[in-house]
Amino acid sequence: MKPALFNLRAIYVRYRSSGWKMLQKWGIVLFGLGAAQGATALAVILVASRVTAVEYGQYLACYGLASLLVILPNLGLESWLLASGHLSAEQTAGRWQNALRLRVIALSAWLLCLLIVSLRLPQATFPFGVLLPTALGVAFDSLTLLSNTAWRVMDRHGRVTAVQTIGAVVLCIATLLAPITYGRLSIFVEMRLLISALTFLAALILSPGALRQPAAASNLRHLLKASRAFTLADIATSIYLKADLTIVSFFLGASAASVYGPALNFTNLCFMASQGLYLAAMPNLARSFLSAKPRFLKSGMLHLLAQACAGFFIAAVMFWLAPWLIQFIYGNRYQAAGIALRWMSPLIFIKSLNFGLGALLTSSGHQNQRSAVQFIAALFNVTANLCVVLALQIAGVIAVYLLSEAILLSGYLFYTIRQVILPLRRPSHA
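Along every chain, residues carry numbers that run from 1 in the direction the sequence is written. Per-residue local features of the predicted model are confined to residues with pLDDT of at least 70, and side-chain atom pairs are confined, for both listing and counting, to 80 or more; whole-chain, interface and lining totals are unaffected and use all residues. With hydrogens and water stripped out, all remaining heavy atoms of the structure feed into the side-chain values.

Draft legend 1. Representation of the nonpolar core in the model. Nonpolar cores were defined as sets of buried Ala, Val, Leu, Ile, Met, Phe, Trp, Tyr and Cys residues, with membership established by side-chain atoms within 4.5 Å. The rule is simple: take the accessible area with a 1.4 Å probe, protein chains only, and divide by the maximum for that residue type; under 20% is buried, over 50% is exposed, in between is partly exposed. Core analysis: the largest hydrophobic core is formed by 109 residues, its most contacted members being Phe188 and Tyr260. Elements are defined by DSSP. Helices are runs of H or I of four residues or more, strands are runs of E of two residues or more, and each kind is numbered from the N terminus. Ranked by residues supplied to this core, first place goes to helix α11 (residues 228-270) with 14 residues. Note on contacts: a residue pair qualifies if any of its non-hydrogen atoms lie within 4.5 Å across the two residues. Beyond its immediate chain neighbours, meaning those up to four positions away, Phe188 contacts Ala43, Val44, Val47, Tyr59, Leu171, Thr175 and Ile180.

Below you can see the structure in the form of structure tokens.
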């Protein structure tokens, strides 16, 4: 008999059905992320073409600060909920309702603290009239994201895609029609706040019936303890993904933010293929780890391979087209952002590998190890950025970003081999 490793026909027959289903899920998730992020990016680009570069830099600075700090009241609840793919619908509803209650309380305290802190921020970069509505909109987006995660755990990816797409398209159309010109950035900021609030309301109304069933209230202190590792991981992730824009805004001003911000936004937009794969695969990986560990390892390796292929292709295309894309979309005023985007293109491939390895660690119950690596990468990112931002400016910040992701990749690879692959390959797990 041929070894199973070389029996390609048997492997194909066994996994074609599950592989096709996963491909369908990924397509639905990717479409939703692409439509939502693409339409939102187009709306922001329209704003950039209608206001001054300084005003656009102010918006990027305020949004960057709010989206960085909102990770504190988020408490890692999305990641915690996403890793619960093995739970029943009733258990998922209970977790979601209690998590939503906790998040509303945490966001209320966060907004109050941000209002106090805003009094000490430089108004030339963080004007209060832009920061306040931006923070409120980010808070509503946070609540919507938690609801979307509960839907994903129940395999309702299509419903998430519909809500994401409609909200982003409405924002894009409203931005196109609104009288946004020099000195009237507030129109866009307030309009985005309103749409974020309505999107959250729609997410509540359209929630599956199973999620709306009354659930017993749990001890919020117990919930905080259960999600602690995910909280630390999300804080670390937010730091090494978003702290650099805030540091650039503080030390180099709104003009530098208008260069680094578009490049960073474009790079984050390119992460959506890997993010879509991650969101589609995580609940299934969590279920298979508990029920069929050999299948878990094979599915995880296929997921990692898919991440690597998608990330390499997108990174290569972005490296080749970066300057042209920035000039075509943003105009000649943002040519420097095209150079920055080309330097950042390798991040797309490294990030795809990190998504794949991170899914293996989290779904197999090794979130603590993943959080430790993320914390090290975040600490390095902030420390190194503060050391290089004035001397090397944007080039130094990009180099630090690349090194941060490389540190993350090294740590993930070490723990994946040690804690996941080797134990599952031992005869006792066969």
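On we go from here.
Draft legend 2. Fine view of the packing of aromatic side chains. Two rings from Phe, Tyr or Trp (for Trp, the six-membered ring) form a pair when their centres sit within 6.5 Å of each other. Planes less than 30 degrees apart are called stacked, planes more than 60 degrees apart edge-to-face, and all others tilted. Evaluation of the coordinates by the stated rule reveals six aromatic pairs. With centroids separated by 5.5 Å and ring planes inclined at 75°, the aromatic side chains of Tyr59 and Phe188 adopt a geometry described as edge-to-face. Highlighted residues: Tyr59 in helix α2 (residues 53-69) and Phe188 in helix α8 (residues 185-205), separated in sequence by 129 residues. Taken as a pair, Tyr59 and Phe188 share a single burial class, namely buried. Considering the side-chain rings of Phe312 and Phe349, the 5.9 Å spacing of their centres and the 85° angle between planes classify their relative orientation as edge-to-face. Placement of Phe312 in helix α13 (residues 293-330) and of Phe349 in helix α15 (residues 346-363) is noted, with a sequence separation of 37 residues between them. The exposure class of Phe312 is exposed, given its relative accessible area of 55%. With a relative accessible area of 29%, Phe349 lands in the partly exposed category. These aromatic residues form a ring-pair network of at least three members: Tyr59, Tyr63 and Phe188. Placement of a positive charge over a ring is assigned whenever Lys NZ or Arg CZ falls within 6 Å of the ring centre and within 35 degrees of the normal to the ring plane. Seen from the ring of Phe271, Lys351 lies directly overhead, with NZ or CZ sitting 6.0 Å from the centre.

Draft legend 3. Structural context of empty space enclosed by the protein. Grid spacing is 1 Å over the protein atoms alone, the probe is 1.4 Å, and a cavity is where that probe fits but cannot get out, while a pocket is an open set with protein on both sides within 12 Å along at least five of seven lines and lining residues have an atom within 4 Å of a point. Grid points are joined across faces, edges and corners, and a volume is the space filled by probe spheres set on the points. Taken as a whole and assessed by the stated rule, the structure comprises one cavity of 30 Å³ or more. Every residue along the wall of the largest cavity is listed here: Tyr59, Tyr63, Pro133, Thr134, Gly137, Val138, Asp141, Val189, Arg192, Leu193 and Ser196. Elements supplying a minimum of two residues to the lining of the largest cavity: α2, α6 (128-153) and α8. Ranked by residues supplied to the lining of the largest cavity, first place goes to α6 with five residues. Residue classes in the lining of the largest cavity are distributed as six nonpolar, three polar and two charged. Each residue is assigned to one class: nonpolar for Ala, Val, Leu, Ile, Met, Phe, Trp, Tyr, Cys and Pro, charged for Asp, Glu, Lys and Arg, and polar for all the others, Gly among them.

Draft legend 4. Quick peek at the side chain of Thr416. The residue Thr416 is located in helix α16 (residues 367-425) in this model. Judged by relative accessible area, which is 1%, Thr416 ranks as buried. One polar contact links the side chain of Thr416 to the main-chain carbonyl oxygen of Tyr412, over a distance of 2.7 Å. Excluding its chain neighbours within four sequence positions, the residues that come into contact with Thr416 are Leu357, Leu360, Leu361 and Ile421. In protein, a polar contact means a hydrogen-donor-capable atom and an acceptor-capable atom, both N or O and within 3.5 Å, with residues adjacent in sequence counting only if both atoms are side-chain atoms; elsewhere, any N or O pair within 3.5 Å suffices.

Draft legend 5. Molecular detail of the side chain of Arg370. Turning to its location among the elements, Arg370 is positioned in helix α16. Here Arg370 falls in the buried class, since its relative accessible area comes to 10%. For Arg370, the side chain forms a polar contact with the main-chain oxygen of Gly358, separated by 3.4 Å. Arg370 has contacts with Tyr278, Gly358, Leu361, Thr362 and Tyr412, leaving out every residue within four places of it along the chain.

Draft legend 6. Region of interest: the confidence of the model for the protein. On average, residues of the protein carry a pLDDT of 80, and 87% of them reach 70 or more. In predicted models, pLDDT denotes the confidence assigned by the predictor to each residue on a 0 to 100 scale. Across the protein, element-level confidence peaks in α15 with a mean pLDDT of 91 and bottoms out in helix α9 (residues 209-212) with 62. Counting contacts from residues 1-6, a segment whose pLDDT is below 50, to residues more than four positions away or on other chains yields two contacts.

Draft legend 7. Structural detail: unusual backbone geometry. Of note in the backbone geometry, Leu75 takes a positive phi value of approximately 60° without being a glycine. Along the chain, the position of Leu75 falls in the loop between α3 (71-74) and α4 (77-82). Even without a glycine there, the phi angle at Gln393 is positive, about 55°. Looking at where Gln393 falls in the secondary structure, it is placed in helix α16. According to the relative accessible area criterion, Gln393 is partly exposed, its value standing at 42%.

Draft legend 8. Highlighting the environment of Val29. Here Val29 shows up in helix α1 (residues 8-50). Sequence spacing of Val29 and Gly276 is 247 residues, and the spatial spacing of their C-alpha atoms is 5.4 Å. Ignoring sequence-local partners within four residues, the contact set of Val29 consists of Arg152, His157, Thr161, Gly276, Leu279 and Ala280.

Draft legend 9. Region of the structure containing the packing of α11 against α16. Interaxial angles span 0 to 180 degrees and are taken between N-to-C directions of axes, which are lines fitted to C-alpha atoms, for helices over the stretch in contact. Where α11 meets α16, the closest approach of the two axes is 9 Å, and the angle between their N-to-C directions is 15°. Relative to α16, the element α11 is oriented roughly parallel. Regarding α11 and α16, the two cross each other, and that crossing is left-handed. When an angle is under 35 degrees it counts as roughly parallel; over 145 it counts as roughly antiparallel; between 65 and 115 it counts as roughly perpendicular; any other value is oblique. Note on convention: the crossing is left-handed when the near helix lies turned anticlockwise from the far helix by less than a right angle, right-handed when the turn is clockwise.

Draft legend 10. Fine view of α15. Given a helix with a known number of residues, its expected span is that number minus one, times 1.5 Å. When the terminal C-alpha atoms of α15 are compared, their 26 Å separation across 18 residues agrees well with the 26 Å that a helix rising 1.5 Å per residue should span. Among the 18 residues in α15, 16 count as buried, and that is most of the element. At the C-terminal side of α15, Gly365 shows a positive phi close to 85°.

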